[in-house]
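Now for the letters of each chain:
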Amino acid sequence: MMKGASETKAREKLIAAKERFAAEMSRIRSKITSIRRRADERRSEKGIDDIRKKLKKV
Amino acid sequence: MNTAQESPNDRERREPPPGKPEGEQTLQQLAERLRRERDLLFDETLKAIDTAWEEVEKIDDKIAERELGELRHEAEASKEQLTSAIDDLAFEITVVEDEEPAAEPATENQEAELEPAKLAEDMLNRKSGYFVALENLAAMAAKNKDQHREILGVLKGKLGNRAEEILTSPELRKELVEMKARLSQKWGGKDGPPITEDLDLAKLVALRETMGKNPEAFLEVIDLKKRLEAASGTGKMKYTKGTAIRLYDPEVDQKTGELTTLVKVELAFDDSSGDAAIIARLFTREVETDKEGNPRVKKSVHHDLFKLPSRLKANGMAADITRDSLPEYDRQGLNEINLNADIDMGSYAWAAYGYGWDKKEMASHSMAWQKNREMDVRVGGVTKKIKDLSKDEKAAVLKESADYFANEGVIDVIDVGRKNLKEALTEVGSAETESILKEFESLVKNPLTVTPQTLAEFGRKGLKLFQTETTGKWYTEESLEEAVRNKKMTADDAADLRKKPFHAGKIVLLSNSWYGAIDLKNTGEQGGKNRKMLEQYLSKSSAKKP
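Since the structure is predicted, the reported quantities are computational estimates derived from the model, not experimental observations.

Caption draft 1: Quick look at the overall build of chain B. Regarding its fold elements, chain B presents 25 helices and 12 strands. Taken over 546 residues, chain B has a buried fraction of 46%. If you take every contact in chain B between residues at least 6 apart in sequence, the share linking residues at least 24 apart comes to 68%. Carbon and sulfur atoms form 51% of the exposed surface of chain B, whose accessible area is close to 28,400 Å².

So, in structure tokens, the structure goes:
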């Protein structure tokens, strides 16, 4: 049953699934970088800065 | 841009690992190899999320925390998908190996010899093709009381209270078969995303419990592509991104036997303008304790991402979608809509929609709660620091003192708002500064009476200020005229600014962050008041043609 063509197909399907997963992880890692960058930008923004100052006080 | 993030490991991973090339590996070896590679990639991603999390937690950046939390979910869901694909194959290999010696079809007697509990477990572990096994189990259960008890025991562990009905009602089983068939299609034709993937029986049942018999009906509501086509508007949209309906870990509540779960419904689009659009909603089914201490099922929807292309902003589309969502929510029997009204989403706008405070979230995000991490509490007769409590213990402590910390959360919003207001008024040197601030203090004197709406309404008929988007500089009507006279601003720019006046309440809520909720049923704490406000707001706004 799992011989010949169907086995090759199963193999290909599985490898494609792994490739998709690898691409997804890579996309997530690049999103983390941009989240950190935007967090950096916000850190210097007035509003958040004020909250930080307030946090430091307490 | 992605190349900058590429680690040396990424490059290594593209090469086949040492050992047998793919073609020569058995399927089992391949499955094993992919499992290892999956774990490596996943661990690395999770580590990156954790490092970033520690960084943003230090600076209390709630937006980044939320985004990272979202990414963690995405990574977990993606891992789950790959795991299912590998497990499916592993299952097929096992079945083939099991079946090969028995070339003859199983007779009734042979089937009866199989252990029912084992059959039930196998069925629950399958991602597809489980309905034949379910019918067999139902037939076995109907014939023999002991087997019924045994099978039910296994099913209850994964399907909760609904297990008995599934076993005894052919109508319900038929409905589930049809539901699974519909949900295995693609949404909106062959170019659309899959509606669901890897829906095992527990997930299928959990989805039915959470979103009703036709969960896909909700996709119709959030489908911007179809909405645009129906409105014969200009420009087109294409579907992007993966599965439309995803489920995370259905679990059976030990005390009540109720199935609890989190369902993420998301449609994403590429707009012909080059912008992206995304609508995401999270449906939860959980067991909570009411005021009398009795457990009850609570179903809620979290309005998560809502991003429209610029050309469709401010044309009433958001209101239209919310309006059409309400009958769907009622059909599903939801108790509550909740959301995070933050800087990006316009914390003023959600107050206008009628959202009240989401006490639970206001409490857990209050600075007082965050600050109290070092505080000692007694839990189950033991003294522990709040920061050392387990998730469940934390939830219990928070619940106990929910009102106190929710009020502290409101005070945080007031504090940020006061600062915003004071700074804006001081910057323009308004003669009304003192009187407006005094009025604000009397409004917020008793935080328990402050609602998002009282803040949003504050000073609506009074002084109006204007703010430039680029520099954030504040103007009064007079200073705007002066800037035009002195050629520091063009008359057109000034006219644009005048279109978006800020009254005091709007300034208080802008760049503020709070958690909002609307009870959908009159029996909730809000007594239907906020839902009425929402409906009134929605009746006033409707979509214009894009």
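Caption draft 2: Fine view of the overall build of chain A. Looking only at helices and strands, chain A has two helices and zero strands in total. Looking at chain A residue by residue over its 58 residues, the buried ones come to 34%. When the accessible surface of chain A is summed, it comes to about 3,700 Å², and 56% of that surface belongs to carbon and sulfur atoms.

Caption draft 3: Structural detail: the pattern of salt bridges. Residues and elements named next belong to chain B. Taken as a whole and assessed by the stated rule, the structure comprises 46 salt bridges over all chains. Its salt-bridge partner being Arg-33, residue Glu-37 comes within 2.8 Å of it at the nearest N-O pair. Of this pair, Glu-37 and Arg-33 both sit in helix 3 (residues 27-58), separated by four residues, roughly a single helical turn. Judged on exposure class, the residue Glu-37 and its partner Arg-33 are both buried. Sharing partners across several salt bridges, the network here consists of Arg-162, Glu-165, Glu-175, Arg-208, Glu-209, Glu-258 and Arg-285.

Caption draft 4: Structural context of the packing of helix 10 (residues 170-183) of chain B against helix 11 (residues 201-211) of chain B. Residue and element names in this part refer to chain B. For the pair helix 10 and helix 11, the least separation of the axes is 11 Å and the interaxial angle reads 95 degrees. Taken as axis vectors, helix 10 and helix 11 run roughly perpendicular relative to one another. Side by side, helix 10 and helix 11 meet where Leu-172, Glu-175, Leu-176, Met-179, Lys-180 and Leu-183 of the first sit next to Leu-201, Leu-204, Val-205, Leu-207 and Arg-208 of the second. Residues that form the contact of helix 10 with helix 11 fall into these classes: eight nonpolar, no polar and three charged.

Caption draft 5: Examining helix 10 of chain B more closely. Residue and element names in this part refer to chain B. Here helix 10 is 14 residues long and its end C-alpha atoms lie 20 Å apart, about the 20 Å a rise of 1.5 Å per residue gives. Considered for burial, the residues of helix 10 that qualify are Leu-172, Arg-173, Glu-175, Leu-176, Met-179, Lys-180 and Leu-183. One side of helix 10 holds all its buried residues, which, seen down the axis, span an arc of 160 degrees. Exposed and facing more than 90 degrees away from the buried side of helix 10 are Glu-171 and Lys-174. At its buried positions, helix 10 is contacted by helix 7 (131-143), helix 9 (163-168) and helix 11.

Caption draft 6: Region of the structure containing the packing of aromatic side chains. Residue and element names in this part refer to chain B. Applying the stated rule across the entire model yields 13 aromatic pairs over all chains. Here the aromatic rings of Tyr-239 and Phe-269 are separated by 5.8 Å at their centres, their planes lie at 40 degrees, and the arrangement is tilted. Of this pair, Tyr-239 sits in strand 1 (residues 237-240) while Phe-269 sits in strand 3 (residues 259-271), placing them 30 residues apart in sequence. Judged by relative accessible area, Phe-269 falls into the buried class, the value being 1%. Aromatic pair Trp-369 and Phe-405: ring centres 5.2 Å apart, planes at 80 degrees, arrangement edge-to-face.

Caption draft 7: Molecular detail of the nonpolar core. Residues and elements named next belong to chain B. Among the nonpolar cores identified, the biggest contains 100 residues, and Leu-201, Leu-421 and Trp-514 are the most heavily contacted of them. Excluding residues within four positions of it along the chain, Leu-201 makes contact with Met-123, Leu-124, Arg-126, Tyr-130, Phe-131, Leu-134, Leu-159 and Leu-176. Counting 28 residues, the second largest nonpolar core, distinct from the first, contains Leu-34, Leu-71, Ala-75 and Leu-89.

Caption draft 8: Quick peek at the side chain of Thr-476 of chain B. All names here are of chain B. Following the sequence through the fold, Thr-476 ends up in the loop between strand 11 (474-475) and helix 22 (477-485). Note on Thr-476: relative accessible area 8%, which makes it buried. Apart from the residues within four sequence positions on either side, Thr-476 is in contact with Val-428, Lys-464, Leu-465 and Phe-466.

Caption draft 9: A look at helix 8 (residues 145-159) of chain B. Residues and elements named next belong to chain B. Between the first and last C-alpha of helix 8 there are 20 Å, a value that for 15 residues agrees with the 21 Å anticipated at 1.5 Å per step. The backbone nitrogen of Asp-146 lies 2.8 Å from a side-chain oxygen of the residue at the head of helix 8, namely Asn-144. Backbone geometry just downstream of helix 8 places Gly-160 in the positive-phi region, at approximately 65 degrees.

Definitions and limits used
Residues numbered from 1 in each chain as written. Chains lettered and ligands numbered in written order. Predicted model: local features only at pLDDT ≥ 70, side-chain atom pairs only at ≥ 80, totals over all residues. Heavy atoms only, no water. Helix = DSSP H or I, 4+ residues; strand = E, 2+ residues; numbered from the N terminus. Buried < 20%, exposed > 50% of the residue type's maximum accessible area, 1.4 Å probe, protein only. Contact = heavy atoms within 4.5 Å. Areas by Shrake-Rupley, 256 points an atom, 1.4 Å probe, with all protein chains shown as cover. Salt bridge = Lys/Arg side-chain N within 4 Å of Asp/Glu carboxyl O. Axes fitted to C-alpha atoms, helices over the stretch in contact; angles between N-to-C directions. Parallel < 35°, antiparallel > 145°, perpendicular 65-115°, else oblique. Nonpolar A, V, L, I, M, F, W, Y, C, P; charged D, E, K, R; others polar. Expected span 1.5 Å × (residues − 1). Arc of directions from axis to C-beta. Phe/Tyr/Trp six-rings, centres within 6.5 Å; stacked < 30°, edge-to-face > 60°. Core = buried A, V, L, I, M, F, W, Y, C linked by side-chain atoms within 4.5 Å. Polar contact = N/O pair within 3.5 Å; in protein donor to acceptor, adjacent residues only side chain to side chain.

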